[in-house]
Every structure is written in C-alpha cells, then in structure tokens.
Amino acid sequence: MTVQLAIAGIIFVTFLWGSWFQTVKHLGNFPVHAFISVMYGISVIIVWAAIGLLGKQMIPSGIFSEISSSPGLTLAILGCGIVFGIAMQMHLTVVKRIGLILSTSVSATCAILGGTIISVLFAGIPEGVSVVSLFVASVLLILATITCQYAGIFRDREKKKVDEKKQSRGQDILLLAFINLILMSSYPLANSIGLRSALNPDGFSSLTCMGILVIGAFAGSSLFTVILLCWEKESVAEIMAMIPLGKLFVLAAIAAFCHFGGNVLHAIFAPVVSVAIATVIGNSYHCWSYIWGLIYGEFKGTSKKTYAILFGGILLFVAGVILLSFNSVS
C-alpha cells in the first residue's frame, strides 16, 4: 500500500468519525449512554465478522495464536479499550450538562494534545518527519477547532439562542479536560503499543488489535451504563420502550460502522504512514461536525462574518492535514 493511498484512507476515516454522532440526533428521549453501549455491542459483531472474513489473509498465524503469543500486550490493549469505553460515556455525560459549543473547544484541544504526545512517545516517528511539524499541525487543528467554535458562538448570538444554565462550570471543564487529555488517550495508546509497524515490529496485526480493543470498549461502556441505570433506578424495559427496536438497531449499526469500522480502517492505514502522523491527521475529524452543521442548516440565516469565521476554521483543518501529508510523502 502506498503512503498516498493510506493518507486518503485516513482522511476518509475522519469523515466516518466526524459523522457517527449525527445518529444521536434521531434518538428522541432514548438515553445516549444506553445507545452507546448498544453501538459498541454491534461494533463487536462488525469487527469480529471482519476478522472472520479477512483473518486468514491479514493474520496468517491466526488471531488466537497472536493473542496467546503476547498475553501482556493483549491485557494492555484490553485495558485501554475498557478505559476508552468509560471515557466516551463520561465525555457524553459532561457534554450533556455544559453543551456542545463549550465542550468541543475544551475536549478537542485536550484530545489533540494528548493523542499527539502519546503517539510520539510510544509509537515514535519515521525518519524525515520532525516532532516540530507534528506539533505545528496539532496547533493548526486546535486553532481550527477554536475558530469554528467562535463561529458557533456568533451563530447563537445572531439567532438569539441564550444558554439558560448559569451555574459554575469550572468543575465540569476540568473533568472534561481530564477525560480527553488522559482517559481518551487510551485509544492512541492502544494503537501506539498494539499495532505492528516498522517502528513497532512486536505489535499485533490491525484486526487483532481492534478485535481486542472493541471487546474492552464494549465492556467499559456497558459497565458505565449498568451503574448509571442502577443510580437512576431505571429498568431496561423502561428505556427500551422509548424507541422502536428496529430504529434503535439501525441507528446503532450506522454509528458502529462509522465509529469502529473507522477504527479498523485507521488501524490498517496508520502503520503505513506511522501511528503518530495518522493520529494527528485523524484528529481533523472535528471538521466534519461543522460541515454536517452546514448541511443541516444550523448556520442558515447567519451573517457573512460568521460564515467567514467558520470557513476560516475549516481551512485551518485543511492546512493541518496538508502539512502532515507533505511530511509523509516527502
């Protein structure tokens, strides 16, 4: 596989990652935490079905042979998956309290910094690529996120959408920063230590790594959902009555394909360009959230100034990806 093809594949993955959460808009009153657990359950089926179909070609020795050959690495990836599943649930819980606009600027900044640092430290970078260029690209992505957030703020002001929550958000912001800087870094950590590449010859194949990770994510997410159901004294029957079963599984399947299907593709493409570069490019997925906002008409009726700020942020996303792409193919 060429580097150019791998970069194109990772950019496609950013579209999948930036799109899966759109399914949540169609849930009605169904709890998001329960939906995420259903999504991860379907993700387990999707990933292991891919292993069943492609395992012989991509894992000549067999997945269980790989797993048994390195039990320590298996447990480390499984642990990363559990933390990742819990972190995703905690992240959405905080977002629900403080809103998407404020949360995205904090979470994206911390996730980009954490993911870049972890991947550089544990996965390394290939010859010809400088740490400086990686962090410059990360800064561009952070600036892109902040710029797009300002566009969202101006949009809400122009549409006179006032946030009625006046309570202090300091603790929630600190919690969100911890979740994304530390807990969410479990995903790039799993890729950095778990994916076999020229810089990490002792890692697993892409499908093996994702097969272990998705089980951990499902376990962590389900544990969070069970605890929350017990805390709020809700029964499974009560929440399942909130949405038609067919609609729930269709939405969860779409989300699972985009989320963990994207993870599998990312794991296949990442070793070609290096996990560090793939991690930073992958963080440009935030751009698609704003493009979806345009498609849904969320910026309709706003001023040219707001549109200019939004497109300026999107261009910063593009600049960061182009910078990394040139570093990868040069």
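These numbers come from a predicted model, not from an experiment.

1. Side note on the overall build of the protein chain
Along its length, the protein chain carries 14 helices and zero strands. Overall, the protein chain shows an N-to-C arrangement of helices and strands of α-α-α-α-α-α-α-α-α-α-α-α-α-α. For 330 residues, the compact-globule formula gives about 20 Å, and the C-alpha radius of gyration of the protein chain, at 20 Å, lands near that figure. Expressed as lengths along the three principal axes of its C-alpha atoms, the size of the protein chain is roughly 60 × 50 × 35 Å. Put simply, the protein chain has 330 residues, and 52% of those count as buried. Within the structure as shown, the protein chain displays about 15,200 Å² of accessible surface, and the carbon and sulfur contribution to it stands at 72%. Put simply, the protein chain has 18 plus and 12 minus side-chain charges, and the middle of one group is 10 Å from the middle of the other.

2. Focus on the environment of I10
Within the secondary structure, I10 sits in helix α1 (residues 3-17). Accessibility expressed as a relative area gives 0% for I10, which makes it buried. Counting along the chain gives 279 residues from I10 to S289, while the straight-line C-alpha distance between them is 17 Å. Excluding its chain neighbours within four sequence positions, the residues that come into contact with I10 are H266, F269, V273, A278, I281 and G282.

3. Some words on the pattern of salt bridges
Under the criterion given, the structure shown has one salt bridge. A salt bridge links R196 to E66; its shortest N-O distance comes to 2.5 Å. Placement of R196 in the loop between α8 (186-194) and α9 (206-232) and of E66 in helix α3 (residues 63-69) is noted, with a sequence separation of 130 residues between them. With a relative accessible area of 37%, R196 lands in the partly exposed category. Overall, the relative accessible area of 6% leaves E66 in the buried class.

4. Let's talk about the packing of aromatic side chains
All told, the structure shown has nine aromatic pairs when counted by the stated rule. For the ring pair F84 and Y187, a centre distance of 5.4 Å and an interplane angle of 35° mean the geometry is tilted. Note that F84 is positioned in helix α4 (residues 71-98) and Y187 in helix α8, a separation of 103 residues in sequence. Of the two residues, F84 and Y187, both sit in the buried class.

5. Some remarks on α9
Counted at 1.5 Å a residue, the expected span for α9 with its 27 residues is 39 Å, and the 38 Å between its end C-alpha atoms agrees. Where α9 terminates, the next one or two residues include K233, which has phi positive at roughly 55°.

Conventions used here
Residues numbered from 1 in each chain as written. Predicted model: local features only at pLDDT ≥ 70, side-chain atom pairs only at ≥ 80, totals over all residues. Heavy atoms only, no water. Helix = DSSP H or I, 4+ residues; strand = E, 2+ residues; numbered from the N terminus. Rg over C-alpha atoms; globule rule 2.2 N^0.38 Å. Buried < 20%, exposed > 50% of the residue type's maximum accessible area, 1.4 Å probe, protein only. Areas by Shrake-Rupley, 256 points an atom, 1.4 Å probe, with all protein chains shown as cover. Lys, Arg positive; Asp, Glu negative; His and termini not counted. Charge placed at Lys NZ, Arg CZ, Asp CG, Glu CD. Contact = heavy atoms within 4.5 Å. Salt bridge = Lys/Arg side-chain N within 4 Å of Asp/Glu carboxyl O. Phe/Tyr/Trp six-rings, centres within 6.5 Å; stacked < 30°, edge-to-face > 60°. Expected span 1.5 Å × (residues − 1).

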